Amino acid sequence: MVSSTTLAIAAGLASSAAAFAPASTNGAAKTSLDAMPDRMWDTMVDKTERSAALPFLPRPINLDGSYVGDVGFDPFYLSSIPKNFAGFIQPPQWEDVEGIPTLYWMREAELKHGRVTMLAWFGYLATDGAFGPVPLRFPGAMYHDVANSYEAHNTMVQQGSMGFLLFVVAFVEFCMSGALVEVAKGESDRAAGDFKLDPLQFLKGKSEEEVNAMKLKELQNGRLAMLAFSGVVTQAALGGTEFPYLVPYTEAGLPDVSAVTW
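What counts as what
Residues numbered from 1 in each chain as written. Predicted model: local features only at pLDDT ≥ 70, side-chain atom pairs only at ≥ 80, totals over all residues. Heavy atoms only, no water. 1 Å grid on protein atoms, 1.4 Å probe; cavity = no way out; pocket = protein on both sides within 12 Å on 5 of 7 lines; lining within 4 Å. Points joined across faces, edges and corners; volume = space filled by probe spheres on them. Helix = DSSP H or I, 4+ residues; strand = E, 2+ residues; numbered from the N terminus. Nonpolar A, V, L, I, M, F, W, Y, C, P; charged D, E, K, R; others polar. Phe/Tyr/Trp six-rings, centres within 6.5 Å; stacked < 30°, edge-to-face > 60°. Buried < 20%, exposed > 50% of the residue type's maximum accessible area, 1.4 Å probe, protein only. Lys NZ or Arg CZ within 6 Å of the ring centre and 35° of its normal. Expected span 1.5 Å × (residues − 1). Contact = heavy atoms within 4.5 Å.

**Observations regarding the layout of surface pockets**
1) Next: As a volume, the second largest pocket reaches approximately 600 Å³.
2) Next: Of all the secondary structure elements, the ones that give two or more residues to the lining of the second largest pocket are helix 4 (102–127) and helix 8 (208–237).
3) Next: The dominant element in the lining of the second largest pocket, judged by the number of residues it contributes, is helix 4, at 6 residues.
4) Next: The residue makeup of the lining of the second largest pocket, split by class, is 11 nonpolar, 4 polar and 5 charged.

The following block contains the structure:
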């Protein structure tokens, strides 16, 4: 006859084993998976293609080669983020608009930054006398007495000259935003960055292939200028304030930044 103690021990072991046994929850698990939202990542990439610039990454969904100069380089997939950028130039509560997609806004910004830095690189070097024996500056002692391009910003702020420049830049930006407002409303099919500015008629009578080649040259020069201007200013900040902006080195072969104000 089995004692009551033996039965109690057996019952305890059985309940312990049941606690570690997998429960039959197939229905609940399926319901939980069905309720999970779709991953945003699935809408940001084309899993069937690789990026031309970064073959170890899938192609960003919007970088399909339709834009001139598109080589699929977007390691952070910023171009794939769905957003209406019209609100940056016009409050959305004013009126309903079709909007400005992410890729259009980014190409507009890339061209603008590239054009500005092409001018900035040339101006930075010209002011320091890189293109001749005499620095190219505005007439007047207030401009000729500036030590170099690196010191120009702080000097102009102290003199009060930067206020006028800020006004001019704000006015130009205000006028340029009108074109983006028309695009946001669907009233214009203007290409990103196209202000119909061609005073020397470089594009007159050109085929679409030739026009795209000119656009590619502008884009690539703009990208290079952004890198070049950043490099020039960095070199100047590290002590190479005179053209060709070579940073002084110590005897140990390291950059001499002892005179740099951090």
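The structure having been displayed, the exposition proceeds.
**Re the packing of aromatic side chains**
1) Next: Scanning the entire structure with this criterion turns up 10 aromatic pairs.
2) Next: When the centroid spacing of 6.3 Å and the interplanar angle of 65° are considered together, the rings of Trp121 and Phe131 count as edge-to-face. Note that Trp121 is positioned in helix 4 and Phe131 in the loop between helix 4 and helix 5 (141–144), a separation of 10 residues in sequence.
3) Next: Using a relative accessible area of 31% as the deciding quantity, one classes Trp121 as partly exposed.
4) Next: With relative accessibility at 44%, the residue Phe131 sits in the partly exposed group.
5) Next: Measuring from centroid to centroid gives 5.7 Å for Tyr124 and Phe229, while their planes differ by 85°, and the two rings are edge-to-face. A residue pair is termed long-range when its members are at least 10 positions apart, and Tyr124 in helix 4 and Phe229 in helix 8 qualify at 105 residues.
6) Next: The buried category is assigned to Tyr124, whose relative accessible area is 10%.
7) Next: An aromatic cluster is defined as three or more aromatic residues linked by ring pairs; in this entry it consists of Tyr124, Phe229, Phe243 and Tyr245.
8) Next: If you follow Lys83 out to its NZ or CZ, it ends over the ring of Phe85, 5.9 Å from the centre.
9) Next: Against the face of Phe195 rests Arg190, its NZ or CZ located 4.5 Å from the ring centre.

**Let's talk about helix 7 (residues 162–185)**
1) Next: The end-to-end C-alpha distance of helix 7, which contains 24 residues, comes to 35 Å, matching closely the 34 Å that a straight helix rising 1.5 Å per residue would cover.
2) Next: For helix 7, the complete set of buried residues consists of Ser177, Ala179, Leu180, Val181, Val183 and Ala184.
3) Next: Residues of helix 7 that are buried sit in contact with helix 4.
4) Next: Positive backbone phi, at 80°, marks Gly186, one or two positions downstream of helix 7.

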